[in-house]
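# Coordinate analysis (summary)
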Amino acid sequence: MDNSGKTASTGGKLIISKLTAAAIFGVLNTSFAVSYASLIFSSTAPTYFVVAVALFLVGGCLVSIIICSLSSYSGVIAFIQDVPVAIAGLMALSLAAMLQGAGPDVLFANIFTAIVLATLLTGIAFLLLGHFKLGNLVRFIPYPVMGGFLAATGWLLFKGGLQVSTGVGFQVLQVASFFTQANFAHLICALIFGIGLLMLTRRFPGNGLVTPITIVGSILVFLLAARLLGYGMDYLDSNGWLLGPLPEEPLWRSAALPDWNLIDWTMVFSQAGSIATIVVLSVISLLLNSTGIEFIAGRDLDINRDLKASGIANLVSGFIGAPSSYVFISQTALATRMGARDRSVGIVHGLFLLLVFFVGGTFLDFFPKFIAAGLPIYLGLSMMWEWLIDARRSVPKVDYAIIIGILLIVEFFGFLEGIGIGIVASVVIFVFRYSSIDIIKNQFDGRSYRSSKDRSISDQRLLDHHCDELVILQLLGFIFFGTANSLYEKIKQLTTQAEETLKFVVLDMLLVQ
């Protein structure tokens, strides 16, 4: 009886965690869809902003359901990604400049087409890499580089949370400007929520109810406090305390594809460089995200299978006009920490986006913005705590320095630069470390080490007579420019010590890789 009660209680907790996680990701990604559509179309074809929101939600729904259903890890959450969207925004501005004077219909048709091409090519690249089993190449990325990538991801999530809470971008070199423009009340609430959730999850590790209870409790406390202080929903909304603005009309009424006759293919193909950049960055980001999720999940994934899943999802969503999409490492990490490692979470998340598409987003008006900002703050702090504080006790000092270096380079120069320099530094350190390893396993003279070949008595006597003139070095491992130099120095040392007697040096490479 007791066991059945415990089982029912555990099952109930898991269901609550899964539903809460799916709802959280649905709310966050609905707001992301609005932000992404605004980034690309608000300054180029603003009349098509709501159309873009509708298409992005449908594309995000399909991506979420397809990837979570086909992925090798059941707890993945996938959606449109910010890096491809940022480049798509630059493409939109470029096309608007080249099509200066054109109407919004023309601009929307050309921007939409460029996004479709980028997403379809990204899907093809994912499928080809998965088909030829090239996904495992990412496993050659050094451990400190992965640590630096995750630490930098955490830092960017933390900065993103600050921006969501205040509406002001945070830059290390412009801290004073940030605090001058930021709304302190919004910022403090977001920080209290994020830091408080971090402390609770570390105090009760593995408890999937901590996050949903904290979120629901924070919403209730916030709404109750606002009511006691006499602040209505209109006041909270107008002063930036609530998530939004979200479309009030059912979005399916706005969904539409462009007029294909308005496409200027010359203009679209002029964006080939940006399209190629989206493809390359998407591939790199997906591979790094997949390896990062392996650390989060604590097991190896079938990265080639994940590449194929993402490829299929992008081919399907691409025709709808959604930008490139793949696994969301931050939301997957949050789902894992909430104990919601189940495909049903991704499916319900996708259905949530579809629900917003059909009914509009007004039912989300009660959601406080500081919670939407506090979640990435919490997750960013959690990832930085793991790789900047916990790792300090378990990672060699040189590797830890690489992690710190990648974080700094990402902040001041960019993600690709940070990862690239981190890989180069790790390779140099590996070469230095391996060069210091003695590749000479054993050293023999002609008397103690003979070949297995049968020889005549006269030949054996001849070998015995010259045994002191021979040194045999048995090598082990890899020979490259670093170890080859140490081998040369060893031979040089031997010839100097036995200049008169040593005439032959035999290298036994049977154990050389």
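Structural notes, computed from the coordinates. Fair warning: this is a prediction, and the values are worked out from it, not measured in the lab. (Residues numbered from 1 in each chain as written. Predicted model: local features only at pLDDT ≥ 70, side-chain atom pairs only at ≥ 80, totals over all residues. Heavy atoms only, no water.)

### Some details on the overall build of the protein chain
When you go through the protein chain residue by residue, the secondary structure sums to 19 helices and 5 strands. Taken over the C-alpha atoms alone, the protein chain extends approximately 105 × 65 × 55 Å along its principal axes. Looking at the protein chain as a whole, 49% of its 513 residues are labelled buried. At a minimum sequence separation of 6, the contacts of the protein chain that also span at least 24 residues come to 83%. When the accessible surface of the protein chain is summed, it comes to about 24,900 Å², and 65% of that surface belongs to carbon and sulfur atoms. For the protein chain, the distance from the average site of its 30 positive side-chain charges to the average site of its 31 negative ones is 8 Å. (Helix = DSSP H or I, 4+ residues; strand = E, 2+ residues; numbered from the N terminus. Buried < 20%, exposed > 50% of the residue type's maximum accessible area, 1.4 Å probe, protein only. Contact = heavy atoms within 4.5 Å. Areas by Shrake-Rupley, 256 points an atom, 1.4 Å probe, with all protein chains shown as cover. Lys, Arg positive; Asp, Glu negative; His and termini not counted. Charge placed at Lys NZ, Arg CZ, Asp CG, Glu CD.)

### Details of the environment of S43
As for its placement among the helices and strands, S43 is situated in the loop between α1 (2–41) and α2 (49–70). For the pair formed by S43 and V345, sequence separation is 302 residues and the distance between their alpha carbons is 35 Å.

### Some details on the packing of aromatic side chains
This model, assessed by the stated rule, comprises 19 aromatic pairs. Ring centres of Y143 and F295 lie 5.6 Å apart, and the angle between their planes is 55°; this geometry places the pair in the tilted category. Taken as a pair, Y143 in helix α5 (residues 143–166) and F295 in helix α11 (residues 272–297) lie far apart in primary sequence, 152 residues in all. Following the ring pairs from residue to residue traces out a cluster consisting of W155, F158, F170, F178, F179 and F184. Sitting over the ring of F204, R203 keeps its end group 4.9 Å from the ring centre. (Phe/Tyr/Trp six-rings, centres within 6.5 Å; stacked < 30°, edge-to-face > 60°. Lys NZ or Arg CZ within 6 Å of the ring centre and 35° of its normal.)

### Describing the sheet that holds strand β3 (residues 440–445)
Pairing in this open sheet of 3 strands is mixed, and the strands run β3-β4-β5 from one edge to the other. On the outer flanks of this sheet lie β3 and β5 (504–512), each paired with one strand and no other. Put simply, the sheet's adjacent strands are angled 20° from each other on average, direction ignored. As paired strands, strand β4 (residues 470–477) and β5 are joined by 7 bridges and run parallel to one another. Bridged to V471 within β5 is V505. (Pairing = 2+ DSSP bridges. Axes fitted to C-alpha atoms, helices over the stretch in contact; angles between N-to-C directions.)

### Considering helix α13 (residues 329–337)
Judged by how many residues are buried, α13 sits mostly within the fold: 8 of 9 residues are covered. Within α13, burial applies to I329, S330, Q331, T332, A333, L334, A335 and T336. Where α13 ends, the next residue or the one after it, G339, has phi of about 80°, a positive value.

### Description of the pattern of salt bridges
Scanning the model with the defined rule gives 4 salt bridges in all. A salt bridge links K18 to D342; the shortest N-O distance between them is 3.4 Å. With K18 in helix α1 and D342 in the loop between α13 and α14 (343–359), the pair connects residues that are 324 residues apart, well separated along the chain. Owing to a relative accessible area of 23%, K18 belongs among the partly exposed residues under this scheme. A single salt-bridge network, built from bridges that share partners, covers R202, D390 and R393. (Salt bridge = Lys/Arg side-chain N within 4 Å of Asp/Glu carboxyl O.)

### Quick word on the environment of S270
Examined against the element boundaries, S270 turns out to sit in the loop between α10 (265–269) and α11. For the pair formed by S270 and L95, sequence separation is 175 residues and the distance between their alpha carbons is 8.8 Å. A polar atom in the side chain of S270 sits 2.4 Å from the backbone oxygen of M267. (Polar contact = N/O pair within 3.5 Å; in protein donor to acceptor, adjacent residues only side chain to side chain.)

### So, the state of the cysteines
Throughout the structure, instances matching the rule amount to 0 disulfides. We note that C61 lacks a disulfide partner, and the nearest cysteine sulfur, in C68, lies 10.0 Å from it. (Disulfide = S-S within 2.5 Å.)

### Some words on helix α8 (residues 210–228)
For α8, spanning 19 residues, the distance from its first C-alpha to its last is 26 Å, which sits close to the expected 27 Å at 1.5 Å a residue. The complete set of buried residues in α8 reads V210, T211, P212, T214, I215, S218, I219, F222 and A226. At the exit of α8 stands G230, carrying a positive phi of roughly 85°. (Expected span 1.5 Å × (residues − 1).)

### Quick word on the environment of F366
Topologically, F366 is positioned in the loop between α14 and α15 (369–394). A residue is classified by how much of its surface remains accessible, and F366, at 36% relative accessible area, is partly exposed. Between the C-alpha atoms of F366 and A22, which are 344 residues apart in sequence, the distance is 17 Å. Once residues lying within four places of it in the same chain are set aside, the contact partners of F366 are I219, L223, M233 and L242.

### Brief notes about the nonpolar core
Ranked by size, the top nonpolar core spans 130 residues in total, and within it F25, I40, F41, F56, I371 and L375 carry the most contacts. Of the residues forming this core, the biggest block, 14 residues, is contributed by α15. With sequence-adjacent residues up to four places away left out, F25 is seen in contact with I77, Q331, L334, A335, V345 and H349. If you look at the next biggest cluster of nonpolar residues, it comprises 9 residues, including F126, V279, I303 and Y326. (Core = buried A, V, L, I, M, F, W, Y, C linked by side-chain atoms within 4.5 Å.)

### Details of the packing of α15 against helix α16 (residues 397–412)
When two helices pack together, their arrangement is captured by the angle between the axes and the distance separating the axes. Interaxial distance between α15 and α16 falls to 10 Å at its minimum, and their mutual angle equals 170°. In this view, α15 runs roughly antiparallel relative to α16, as classed from their interaxial angle. In this structure, α15 uses W387, L388, A391 and R392 to contact α16, whose residues at the interface are Y400, I403, I404 and L407. Of the residues in the contact of α15 with α16, the class split is 7 nonpolar, no polar and 1 charged. (Parallel < 35°, antiparallel > 145°, perpendicular 65-115°, else oblique. Nonpolar A, V, L, I, M, F, W, Y, C, P; charged D, E, K, R; others polar.)

### A word on the packing of helix α3 (residues 82–98) against α11
Remark: α3 packs on α11, axes separated minimally by 9 Å, with the N-to-C direction vectors making an angle of 175°. Between α3 and α11, the crossing angle belongs to the class labelled roughly antiparallel. Along its contact with α3, which presents V83, P84, I87, A88 and M91, the element α11 presents S274, I275, T277, I278, L281 and S282. Residue composition of the contact of α3 with α11, by class: 8 nonpolar, 3 polar and no charged.

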